[in-house]
Amino acid sequence: MSTATLSCIISIVIQRPWQEVYRFASQPENLSAWATGLGRGIRRVEDDWVADGPEGPIRICFCEANDHGVLDHWVYPDDDNEIYIPMRVIANGNAAELMFTLFRQPGISDEQFAEDEAWVLRDLANLKSLLEAHAA
């Protein structure tokens, strides 16, 4: 039995209908416009999505498209490591609530975990700005 790891849920309200937020955020091609933590230049390579990370290619697998706002994905920075990222979009009145669960990875200090949390929040704010500006 494995032990639980420290996690936090990072949430942001986007003033757009949840289905619109989901449609945009679920398209891997759109990640480079807002998700700086996943690297740059995301592209399809055979059956995988690959981004250019600071230490080389990063493979990313996404859950199937769905009607429930689930945006879970798995990040493989190398062949030996898998990082699971649960992510959801839900209705919040006429707006959308986007929730990202950040798990603390092994060997990460409190300071690094806080930096990762701040980075995710910046990326979600990028998505919010992009979608709200596009609608104006």
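If you're wondering where the values come from, they're calculated on a predicted model, not measured in any experiment. (Residues numbered from 1 in each chain as written. Predicted model: local features only at pLDDT ≥ 70, side-chain atom pairs only at ≥ 80, totals over all residues. Heavy atoms only, no water.)

**Description of the overall build of the protein**
Next, step 1: Scanning the protein from N- to C-terminus turns up two helices and eight strands.
Next, step 2: Taken from N to C terminus, the helices and strands of the protein fall in the order β-α-β-β-β-β-β-β-β-α.
Next, step 3: Here the C-alpha radius of gyration of the protein, 15 Å, is about what a compact globule of 136 residues would show, namely 14 Å.
Next, step 4: Judged by the C-alpha coordinates and their principal axes, the protein covers about 40 × 35 × 25 Å.
Next, step 5: Within the protein, the proportion of its 136 residues that are buried is 33%.
Next, step 6: Of the accessible surface of the protein, which amounts to about 8300 Å², a share of 52% is contributed by carbon and sulfur atoms.
Next, step 7: The centroid of the 10 positive side-chain charges in the protein is displaced by 7 Å from the centroid of its 22 negative side-chain charges. (Helix = DSSP H or I, 4+ residues; strand = E, 2+ residues; numbered from the N terminus. Rg over C-alpha atoms; globule rule 2.2 N^0.38 Å. Buried < 20%, exposed > 50% of the residue type's maximum accessible area, 1.4 Å probe, protein only. Areas by Shrake-Rupley, 256 points an atom, 1.4 Å probe, with all protein chains shown as cover. Lys, Arg positive; Asp, Glu negative; His and termini not counted. Charge placed at Lys NZ, Arg CZ, Asp CG, Glu CD.)

**Looking at the environment of Pro54**
Next, step 1: Inspection of the secondary structure puts Pro54 in the loop between strand 3 (48–53) and strand 4 (56–62).
Next, step 2: Residues Pro54 and Asp67, spaced 13 residues apart in sequence, show a C-alpha to C-alpha distance of 34 Å.

**Comments concerning the sheet that holds strand 1 (residues 7–14)**
Two modes of strand pairing occur in sheets, parallel and antiparallel, and in both the strands are linked by backbone hydrogen bonds.
Next, step 1: The sheet built from three strands is open, its strands ordered 1-8-7 with antiparallel pairing. Each of the sheet's edge strands pairs with one partner strand only, and the pair in question is strand 1 and strand 7 (87–92). Averaged over all pairs of adjacent strands, the angle between strand axes in this sheet comes to 25°, irrespective of strand direction.
Next, step 2: Lying over the sheet, helix 1 (residues 18–25) contacts strand 1, strand 7 and strand 8 (95–103), oriented at roughly 160° with respect to strand 7. (Pairing = 2+ DSSP bridges. Axes fitted to C-alpha atoms, helices over the stretch in contact; angles between N-to-C directions. Contact = heavy atoms within 4.5 Å.)

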